[in-house]
Amino acid sequence: MRHLLSSADLTRDDVRMLLATAAEMHEVQHRDVKKLPTLRGRTIINLFFEDSTRTRSSFEIAGKWMSADTINITGKGSSTSKGESLRDTVMTIDAMSVDCVVIRHMASGSAHQVSQWVDASVVNAGDGTHEHPTQALLDAYTMEQRLGSLEGRRVAIVGDLTHSRVFRSNAITLRTLGAHVTLVAPPTLMPSGITAWAAADGLELTDDLDAVLASGPDAVMMLRVQRERMSGGFFPTPREYTVGFGLTRERLRALTAANPEAVICHPGPMNRGLEISADAADAAQSLVLDQVSAGVAVRMAVLYHLLAGEEVAA
Amino acid sequence: MSDLLIRGADVLGEGTAHVLVVDGRIAAVGAAAAADAPSGVERLDADGLTLLPGFVDLHTHLREPGREDAETIASGSRAAAVGGYTAVLAMANTSPVTDTAEAAERILDLGRAAGLVDVVPIGAVTKGLEGHELAELGLMHRSRARVSVFSDDGHCVADGRVMRRALEYVRAFGGVVSQHSQDPALAGPQACCHEGELSGRLGLPGWPPVAEASIIARDAMLARHTRSRVHVAHVSTAEGLDVVRWAKAQGIAMTAEVAPHHLALGTELLSGYDPVYKVNPPLRPTEDQEALRAGLADGSIDAVATDHAPHARHDKEHAFVDAAFGMLGLETAFSVVHDLMVRTGRMSMADLARVMSTGPAAVAGLTGHGRPIAAGEPATLVLVDPTAPVTVDRATSQSLSRNTPWHGARLTGAVHTTILRGAVTAREGEPTAC
């Protein structure tokens, strides 16, 4: 692996390898001394043009626990805010001989573009409304920890699909692992061309969340409704959204009744009371904090395979 | 201006013939031309070449004033001459905007100083392209520049009341409004990818075809209501073309142009997020490309227009949604259209002359361009080689910018010589002087 830009770049074997490595890395988190020498002497830049707490921290901790030198650069607004092109910005960083650039940017495709301009490995930590591949890996890891193999498992992804990079990467990775994926959203929050896309990729589409829950899926992944979408004409009111697409207390009961083993995921941050009720967020079935914990292990695995490969054992 | 004898060209409508040019005009066509040629006249051996009226581009961005690092009127003129153009209409979205008589005259004068093509300024429809108040349309028309085409290109005149008034106003002097048909409420400010499966997968803001078709439909009704002329700039969708056809069938004075890139390049090229393929309107899927090709061949579309949009490298080296819209077009338009439409048998060379010369000249009201190749007519001509292979190399572009999507492309059909009122302005890829 040279870069991790899209979940589509990962074969089933790649995903299996990364998740297996993540399981080893997860053990490190439970040690008193959480430090491996694996990436000593390597330099990782976390280049975050968009606000992020959990993803940036997760990458930073992952790097530090493997002894890499990690540097965080944050930038409000786009790279053009000071008149510099994105290419100039990243080439400046690349000229400092860094080994890896972890980039989050508000523009779709930015990680892909950056990978063509720099010598360093590039990890896509979220590019606009395109993809967030490490989130998909950590979601798969977390679900497998609870459910076992995802082969043949049924996963529902619910909410603002149009603007969700988490959905895009998850749909790909879950299908790569053999899961059945059902997408649930109001028509206004379904991505363009989703009908053809879903048919090509073997995804199911519906706007009936209650029917999906009644069918007893193994996992339900709730997507965050971004506050700026609430006034964008995508749905009439937050109340109406919750009635149609929120994982309310009643729907939690329905899910549990249909499948007592079902789990609930959310990439965070959660809008309690909007897309997910407090009952659901804090339920025993909720994997929200497990996802956060797994995030570090998965990112350690990704950095390991990008920067150490087979040369250095974890 | 030297006299010229073009020997043995394939002359549209005449077959192989000689053409004698004297004092900037065609003096004779046919066998008599050689006989009448004065001794010592410059002779141009045109064996295997086709002689057409010089090309006219209804849609050129020359960037001067304001962004002379990307293009100047002189460099754009060189690119145009090399591309076989004898007239280009310079879009108004410069900085400052061409929204006054003085601004229009300055562009006219700079074009004359460059001296390679007729640079015809397009006037803004609204002050500052802001879409609210009409620019000084009448004064621009009464100026030395004789502005007859008005456009806020880059922006749509979205306010129906403003568009109505513009159409009413220009009717008085036979002007035309060239509309960038894009409903800004339907295709938002960041829209940069045809709305469809690919935009959904790539996470790029979608630009739906209905945003084009709905404005064309509204403008058709306004043109009918005002009994004025409206021109559809860079039509890009089958839906938009359907409306154009309907309007023409109703007798509405609507014309339309298509850009070579919308004929030849598809949405799928955006999958690599390369901003060289970022244009507005965006590249469309195969079905739209096919519809546009058919519309061009059957005459529903009146003109090929380049939408030549040079950009400095740093304006393209941003994330895709932040990068500038536009690509070069002047130097490659003939080769692309010839390769795609004529070489494949979809159009004849006469059709090509219609859409690249006579059609656009008629839309713009340019009486000295797009003329028949006949005695007494201006010698404003282009010689093309239909069989010449062309490999596009951006390094050799006459433009100051390099944002061509055709770099490395192999096409068939090259511009050989461009002649403006008897003067050779470009020969085999090189402008004669500037």
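So, a few notes on the structure that sits alongside this text. Residue positions within a chain follow its written sequence, with the count starting from 1. Chains and ligands are labelled sequentially in the order written, the chains with letters from A and the ligands with numbers from 1. Owing to the predicted nature of the model, reporting of local features is limited to residues with pLDDT of at least 70; listing and counting of side-chain atom pairs is limited to 80 or more, with chain, interface and lining totals taken over all residues. Neither water nor hydrogens contribute to the side-chain values; these are computed over all heavy atoms in the structure.

Attention now goes to the overall build of chain B. Secondary structure elements follow DSSP: runs of H or I of four or more residues count as helices, runs of E of two or more count as strands, with numbering from the N terminus. When you go through chain B residue by residue, the secondary structure sums to 13 helices and 19 strands. Computed over C-alpha atoms, the radius of gyration of chain B comes to 21 Å, within 12% of the 22 Å expected from 2.2 N^0.38 for 434 residues, which places it in the range of a compact globule. Under the scheme applied here, a residue whose accessible area is under 20% of the maximum for its type counts as buried, over 50% as exposed, and between as partly exposed, the area being computed with a 1.4 Å probe on protein chains only. A burial count over chain B gives 62% of its 434 residues as buried. The method behind every accessible area is Shrake-Rupley, applied with a 1.4 Å probe, and residues are considered shielded solely by the protein chains displayed. Carbon and sulfur atoms make up 50% of the accessible area of chain B, which totals about 15,000 Å². Think of it this way: Lys and Arg go in the positive column, Asp and Glu in the negative one, and His and the chain ends go nowhere. Where a charge sits is defined by one atom per residue type, namely NZ (Lys), CZ (Arg), CG (Asp) or CD (Glu). For chain B, the separation between the mean place of its 37 positive charges and that of its 52 negative charges on side chains is 4 Å. Here the globule rule reads 2.2 Å times residues to the power 0.38, and the radius of gyration is calculated from C-alpha atoms.

All names here are of chain B. Buriedness for pockets is judged along seven lines, at least five of which must meet protein on both sides within 12 Å for an open set on the 1 Å grid over protein atoms alone, while cavities are sets there where a 1.4 Å probe fits but cannot get out, and lining residues have an atom within 4 Å of a point. Grid points are joined across faces, edges and corners, and a volume is the space filled by probe spheres set on the points. The full count for this structure, using the stated rule, is three cavities of 30 Å³ or more. Reported here for the largest cavity is a volume of approximately 40 Å³. If you go around the largest cavity, the residues you meet are Pro 260, His 261, Thr 306, Met 327, Leu 328, Gly 329, Thr 332, Ala 333, Pro 405 and Trp 406. Ten residues, namely Ala, Val, Leu, Ile, Met, Phe, Trp, Tyr, Cys and Pro, are considered nonpolar, four, namely Asp, Glu, Lys and Arg, are considered charged, and the remaining ones, Gly among them, are considered polar. Here the lining of the largest cavity is built from residues that sort into six nonpolar, four polar and no charged.

Before going further, it helps to spend a moment on the packing of aromatic side chains. Between 30 and 60 degrees the pair is tilted, below 30 it is stacked and above 60 it is edge-to-face, where a pair is any two Phe, Tyr or Trp rings, Trp via its six-membered ring, whose centres lie within 6.5 Å. Applying the stated criterion to the full structure yields six aromatic pairs over all chains. Considering the side-chain rings of Phe 235 of chain A and Tyr 241 of chain A, the 4.8 Å spacing of their centres and the 40 degrees angle between planes classify their relative orientation as tilted. The same class applies to Phe 235 of chain A as to Tyr 241 of chain A, namely buried. Taken together, Phe 235, Tyr 241 and Phe 245 of chain A form an aromatic cluster joined through their ring pairs. Placement of a charge over a ring requires the Lys NZ or Arg CZ to be within 6 Å of the ring centre, with the centre-to-atom vector within 35 degrees of the ring normal. Above the face of the Phe 320 of chain B ring, Lys 278 of chain B is positioned so that its terminal group lies 5.9 Å from the ring centre. A cation over an aromatic ring shows up here: Lys 278 of chain B above the ring of Phe 325 of chain B, its NZ or CZ 4.4 Å from the ring centre.

Looking now at the layout of surface pockets. By volume, the largest pocket is sized at about 1,400 Å³. Residue lining of the largest pocket: 47 residues in total, with Thr 129, Thr 162, His 163, Gln 226 and Arg 229 of chain A positioned closest to the centre. Those elements that place two or more of their residues in the lining of the largest pocket are helix H2 (54-65) and helix H6 (165-176) of chain A together with helix H6 (197-202) of chain B. Looking at the lining of the largest pocket, the element that brings in the most residues is H6 of chain A, giving three residues. For the lining of the largest pocket, a count of residues per class yields 13 nonpolar, 22 polar and 12 charged.

To continue, consider the nonpolar core. Within soluble globular proteins, side chains that are nonpolar tend to cluster in buried spots. Grouped together as the largest cluster of nonpolar side chains are 87 residues, with contacts concentrated most on Leu 137, Met 143, Ile 157, Phe 167 and Met 300 of chain A. If one sorts the elements of this core by residue count, helix H12 (residues 288-308) of chain A sits on top with 12 residues. As used throughout, domain bounds are those supplied by an automatic or database domain assignment. Of the domains in this structure, domain 1 (7-131 + 292-307) and domain 2 (133-291) of chain A are the two that each give at least three residues to this core. Residues in contact with Leu 137 of chain A, not counting those within four places in the same chain, are Leu 4, Leu 10, Val 15, Leu 18, Leu 19, Val 298 and Val 302 of chain A. By size, the runner-up hydrophobic cluster in this structure holds 69 residues, among which are Leu 62, Ala 247, Val 337 and Val 355 of chain B. Among buried residues, the Ala, Val, Leu, Ile, Met, Phe, Trp, Tyr and Cys ones that are joined through side-chain atoms within 4.5 Å form a nonpolar core. By definition in these notes, contact holds between two residues if any of their heavy atoms fall within 4.5 Å.

Attention now moves to the pattern of salt bridges. For this document, the term salt bridge refers to a Lys or Arg side-chain nitrogen within 4 Å of an Asp or Glu carboxyl oxygen. Taken as a whole, this structure holds 31 salt bridges over all chains when the rule is applied. Of the charged contacts in the structure, one is a salt bridge between Arg 164 of chain B and Glu 168 of chain B, with a shortest N-O distance of 3.0 Å. Of this pair, Arg 164 of chain B and Glu 168 of chain B both sit in helix H5 (residues 160-171), four residues apart, roughly one helical turn. Looking at Arg 164 of chain B, the relative accessible area reads 30%, which means it is partly exposed. Between Glu 290 of chain B and Arg 293 of chain B there is a salt bridge; the shortest N-O distance is 2.8 Å. Remark: Arg 293 of chain B and Glu 290 of chain B occur in helix H10 (residues 286-297); sequence separation between them is three residues, near one turn of the helix. Via salt bridges that share partners, Arg 56, Glu 60 and Lys 64 of chain A belong to a single interconnected network.

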